[in-house]
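Chain by chain, the residues:
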Amino acid sequence: MAATYRTILTERGMQIIAEAGAEQRTVELSHMAVGDGNGHQVTPKPSQRSLYRERYRATVNELKVSDDDPTLFVAELVVPADIGGFTIREVGIYTDEVFAIANVPDAYKPNVTEGAYGDTVVRMVLRVANASVVTVNVDPNVAVATRTWIANNVNAGSLIPGGLATQILAKR
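Cut-off values and rules
Residues numbered from 1 in each chain as written. Predicted model: local features only at pLDDT ≥ 70, side-chain atom pairs only at ≥ 80, totals over all residues. Heavy atoms only, no water. Pairing = 2+ DSSP bridges. Helix = DSSP H or I, 4+ residues; strand = E, 2+ residues; numbered from the N terminus. Axes fitted to C-alpha atoms, helices over the stretch in contact; angles between N-to-C directions. Expected span 1.5 Å × (residues − 1). Buried < 20%, exposed > 50% of the residue type's maximum accessible area, 1.4 Å probe, protein only. Arc of directions from axis to C-beta. Contact = heavy atoms within 4.5 Å.

> Just to check I follow, could you spell out the sheet that holds strand 6 (residues 72-79) for this structure?
Pairing between the strands of a sheet is mediated by backbone hydrogen bonds and can be parallel or antiparallel. Across the sheet, 3 strands lie side by side as 5-6-9; this open sheet has antiparallel pairing. Across the chains shown, the open sheet's two edge strands, defined by having one partner strand only, are strand 5 (62-65) and strand 9 (120-127). Geometrically, the sheet is characterised by an average inter-axis angle of 20 degrees between neighbouring strands, direction not taken into account. Pairing analysis gives 4 bridges linking strand 5 to strand 6, with the strands arranged antiparallel. By the bridge assignment, glutamate 62 is partnered in strand 6 with glutamate 76.

> I'm lost on helix 1 (residues 11-23) in this one. Help?
Residues spaced three or four apart along an α-helix point in a common direction, a consequence of the helix completing one turn every 3.6 residues. Taking 1.5 Å of rise per residue, the 13 residues of helix 1 would be expected to cover 18 Å, and the 18 Å separating its terminal C-alpha atoms lies within 8% of that figure. Regarding helix 1, the residues found buried are Arg12, Gly13, Ile16, Ile17 and Ala20. Down the axis, helix 1 shows its buried residues gathered within 140 degrees of arc, on one side only. For helix 1, the elements touching its buried residues are strand 1 (7-9), strand 2 (27-29) and strand 8 (98-109).

> What am I meant to see in the sheet that holds strand 1 here?
What the 5 strands build is an open sheet, ordered 1-8-7-3-4; its pairing is antiparallel. Each edge of the open sheet carries a strand with a single partner, namely strand 1 and strand 4 (54-59). Between one strand axis and the next, the sheet turns by 20 degrees as a mean value, whatever way the strands run. The pairing of strand 7 (residues 86-94) with strand 8 spans 8 bridges and is classified as antiparallel. Bridging across to strand 8, glycine 92 finds its partner in isoleucine 101. This element, helix 1, spans strand 1 and strand 8 of the sheet and lies at about 140 degrees to strand 8.

> Mind showing me how you'd approach the pairing of strand 6 here?
Regular strands place side chains that alternate from one sheet face to the opposite one. The element strand 6 is extensively covered by neighbouring structure, given that 6 of its 8 residues are classed as buried. Hairpin connection, strand 5 to strand 6: the antiparallel pair is bridged by 6 residues.

Okay, structure coming up:
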């Protein structure tokens, strides 16, 4: 039987959203974590208060709302090269408490001493019906740009004062 992967809001996450809606305040999602499922593939449960075995937690690198669906969020965590030696099987996103949990296909995160290593980007997709109450707290001093983001958003014309020669000619 094939594994089923999903992201669910925890019972506490649903309660946090309900309270925020009633009090007309926002929910700040600030951190993400990855875990190894204590050595086993896991199925997320609404009653969970934590990952089965958390291995790394850091500030959310990016959280964006889907262009096609305002209730769909994509959260991103960068696990640095010097963290590793375990298999990522679970992901969580947090306020002060676990808000949502996902199980993911096994992905081995090597350690620097193993010879093959690098930053690993983990993305978590979650749906929140009352998306207007959700916000993210991203520390710009900690955020990491992925190679794809740089390729899509940074070019020589934006880095060189006055632009490139062809840009100057085009302006005239």
